[in-house]
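Structural features, examined
Chain residues, written in single-letter form:
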Amino acid sequence: MNAAQPSPGHPLRTDEIALLRSSIERVRPLADEMTVYFYAILFQRHPEVRQLFPANLDIQRDRLLRGLLHLVELVDDPANLAHFCRRLGRDHRKFGAVTAHYPAVGAALLDSLARFAHDAWTPRLADIWSRAYGLVAQMMTDAADDDAAVNPAFWNARIVDHRLRGPGIAEITVLPDMPYPFVPGQFASMETPWQPRTWRYYSMAHRPRPDGTLTFHVKAATDGQVSPALVNHARAGDWVRLGAAQGELVLNPHMERDLVLVAGGTGLAPIQALVEQAIDLSEGRRYVDVFVGARTADELYGFEDLLRLAQRNHWLNVRAAVSHERIPGLTGTLPEVLRRFGPFYRHDAFVAGPPGMVTSVVQVLLDQGVPHSRLRHDPFDVPALEASLPGRLDRIPAQGVRA
């Protein structure tokens, strides 16, 4: 293909993609200032939308740049770009984002890029960015329209059970007001009445249930805006709000390779869900090795539940790793334990937990010969551009909401 020609179905030529990426690198050192400026002019031009965003925009500003970087990274990969934009479009429905919001955001974005790219910003670059943003906006709005035909923008859900499972860890069960579709291994975005317009992501800890309830594992982060309230203040009867299920940490029911599932901390939730699904699907066709890691024995919640499942299913093996406490047979980090019991190059691998742990475990599995195509973990952060489009946020039902 001629480098000067756009690919089929793609509005940008390869030389234009190079300019797009070059401009992002030009503003990257000024990212903090640029995102502050972006929100300032967006709110100045559309002051009515400020109240729809979190009070604290610090995290949001960081996500805006990371979202842009990811979009630019995918701009010459139409299939993955479309997948990413469709996910964004569906997710933005919970903010009340509508088609009319996209031009306002696009104008503020291009003005911000122009200001901070300085003399690198030319009419040609402006045209390239305009077309690229138009492509993204169209895919997002199309996805939102398609999703609106089958799903609500969000689900209100009442907490029906709240129990502590370890130091600073709570198991929270909610009942959505409508059926909530998901696949084991996926996660949901959650908004609480204690931090309106601030969404955090938690995995369902099970396969779909007949009664429609959803259970999440939440660890209170020291500097968290949402999790401390969920762990320490939430009670049965309180209401939360859920966005649509997301995530690629899911089993292919047609694959029959053995599995290695690795969980650190509350990463146990999606791994536990995958174990339940494997029990439904396996019928002894494949072996499943589960490794659960924690710093101390007290933080190794849920391990006994997995052991009971292993006792009833001979093909399921469960092992623990405790890194900050000496316990015979359990001492070690997850990477150390994986090296001890591997290699797992014949397996499909699934990893969930804190970013540092996921990074080290993934490297061990790659070193053991697990190909990238058979190694899955969800992104370390929430979907990019999480709340960058303004929208209406209805109130959560007043009954049971705590101050």
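Note that the coordinates shown come from a computational prediction; the quantities given were computed from them, not determined experimentally.

1. Structural notes on the packing of helix H2 (residues 31-45) against helix H5 (residues 101-117)
- Viewed as axis vectors pointing N to C, H2 and H5 meet at an angle of 140°, and their least axial separation amounts to 9 Å. What the angle tells us is that H2 and H5 run oblique. Seen along the crossing, H2 lies across H5 with a hand that is right-handed. In contact with Glu-33, Met-34, Tyr-37, Phe-38, Ile-41, Leu-42 and Arg-45 of H2, H5 contributes Ala-104, Val-105, Ala-107, Ala-108, Leu-109, Asp-111, Ser-112, Leu-113, Arg-115 and Phe-116.
- Here the residues of the contact of H2 with H5 sort into 12 nonpolar, 1 polar and 4 charged.

2. Let's talk about the pattern of salt bridges
- All told, the structure shown has 21 salt bridges when counted by the stated rule.
- Three or more residues are tied together by salt bridges with common partners; here these are Arg-13, Asp-15, Glu-16, Arg-124, Asp-127 and Arg-131.

3. Side note on the packing of aromatic side chains
- One pass over the structure, following the stated rule, counts 9 aromatic pairs.
- Taking 5.8 Å as the distance between ring centres and 70° as the angle between the ring planes, the aromatic pair formed by Tyr-37 and Phe-116 counts as edge-to-face. Taken as a pair, Tyr-37 in helix H2 and Phe-116 in helix H5 lie far apart in primary sequence, 79 residues in all.
- Exposure remark for Phe-116: the relative accessible area of 11% places this residue in the buried category.
- Judged by centre distance (6.1 Å) and plane angle (80°), the rings of Phe-95 and Trp-199 are edge-to-face. Of this pair, Phe-95 sits in the loop between helix H4 (78-91) and H5 while Trp-199 sits in strand S4 (residues 199-203), placing them 104 residues apart in sequence.
- The buried category is assigned to Phe-95, whose relative accessible area is 7%.
- Taking relative accessible area as the criterion, Trp-199 reaches 1% and is therefore assigned buried.
- Counting every residue linked through ring pairs, the aromatic cluster contains Phe-38, Tyr-39 and Phe-43.
- It is Lys-94 that lies over the ring of Trp-199; its NZ or CZ is 4.4 Å from the centre.

4. A word on the side chain of Glu-171
- Within the element layout of this structure, Glu-171 appears in strand S2 (residues 169-176).
- Looking at Glu-171, the relative accessible area reads 13%, which means it is buried.
- Those residues in contact with Glu-171 that lie beyond four places of it in its chain are Asp-161, His-162, Arg-163, Arg-165, Thr-215, Phe-216 and His-217.

5. Structural notes on H4
- Over its 14 residues, H4 extends 20 Å from the first C-alpha to the last, a length consistent with the 20 Å expected when each residue adds 1.5 Å.
- Considered for burial, the residues of H4 that qualify are Leu-81, Ala-82, Phe-84, Cys-85, Arg-87, Leu-88, Gly-89 and Asp-91.

6. Things to note about the pairing of S2
- The buried fraction of S2 amounts to 7 of the 8 residues, a majority that puts the element mostly inside the structure.
- Taken together, the 8 bridges between strand S1 (residues 155-166) and S2 define a ladder with antiparallel strand orientation. Among the inter-strand pairings, Leu-164 is bridged to a residue of S2, identified as Ala-170.
- In textbook terms, the turn of a hairpin is the stretch between consecutive antiparallel strands, and for S1 and S2 this stretch comprises 2 residues, one of which, Gly-168, has a positive phi near 70°.

7. A look at the sheet that holds S4
- Within the open sheet, the 6 strands sit side by side as S4-S3-S6-S1-S2-S5. Their pairing is antiparallel. The outermost strands of the open sheet, each flanked by one partner alone, are S4 and strand S5 (214-219). Across this sheet, the average inter-strand angle for adjacent strands is 40°, counted without regard to direction.
- Sheet analysis places strand S3 (residues 187-191) next to S4, joined by 5 bridges and oriented antiparallel. Among the inter-strand pairings, Phe-187 is bridged to a residue of S4, identified as Ser-203.

8. Regarding the sheet that holds strand S9 (residues 316-322)
- Strands sit in the order S9-S8-S7-S10-S11 across an open sheet of 5 strands; the sheet is parallel. Pairing within the sheet leaves two strands with one partner each, and these edge strands are S9 and strand S11 (375-376).
- Two elements, strand S7 (residues 259-264) and strand S10 (residues 348-352), share 5 bridges in a ladder whose sense is parallel. The partner of Val-260 across the bridge, within S10, is Ala-349.
- Packed onto the sheet, helix H9 (residues 303-312) meets strand S8 (288-294) and S9 and runs at close to 155° relative to S9.

9. Some thoughts on the side chain of His-162
- Of note, His-162 is situated in strand S1.
- There is a polar contact of 2.8 Å between the side chain of His-162 and the backbone oxygen of Leu-230.
- Contact partners of His-162, with chain neighbours within four places excluded, come to Ala-170, Glu-171, Ile-172, Leu-230, Val-231, Ala-234 and Arg-235.

Criteria and cut-off values
Residues numbered from 1 in each chain as written. Predicted model: local features only at pLDDT ≥ 70, side-chain atom pairs only at ≥ 80, totals over all residues. Heavy atoms only, no water. Axes fitted to C-alpha atoms, helices over the stretch in contact; angles between N-to-C directions. Helix = DSSP H or I, 4+ residues; strand = E, 2+ residues; numbered from the N terminus. Parallel < 35°, antiparallel > 145°, perpendicular 65-115°, else oblique. Left-handed = near helix turned anticlockwise from the far one by under 90°. Contact = heavy atoms within 4.5 Å. Nonpolar A, V, L, I, M, F, W, Y, C, P; charged D, E, K, R; others polar. Salt bridge = Lys/Arg side-chain N within 4 Å of Asp/Glu carboxyl O. Phe/Tyr/Trp six-rings, centres within 6.5 Å; stacked < 30°, edge-to-face > 60°. Buried < 20%, exposed > 50% of the residue type's maximum accessible area, 1.4 Å probe, protein only. Lys NZ or Arg CZ within 6 Å of the ring centre and 35° of its normal. Expected span 1.5 Å × (residues − 1). Pairing = 2+ DSSP bridges. Polar contact = N/O pair within 3.5 Å; in protein donor to acceptor, adjacent residues only side chain to side chain.

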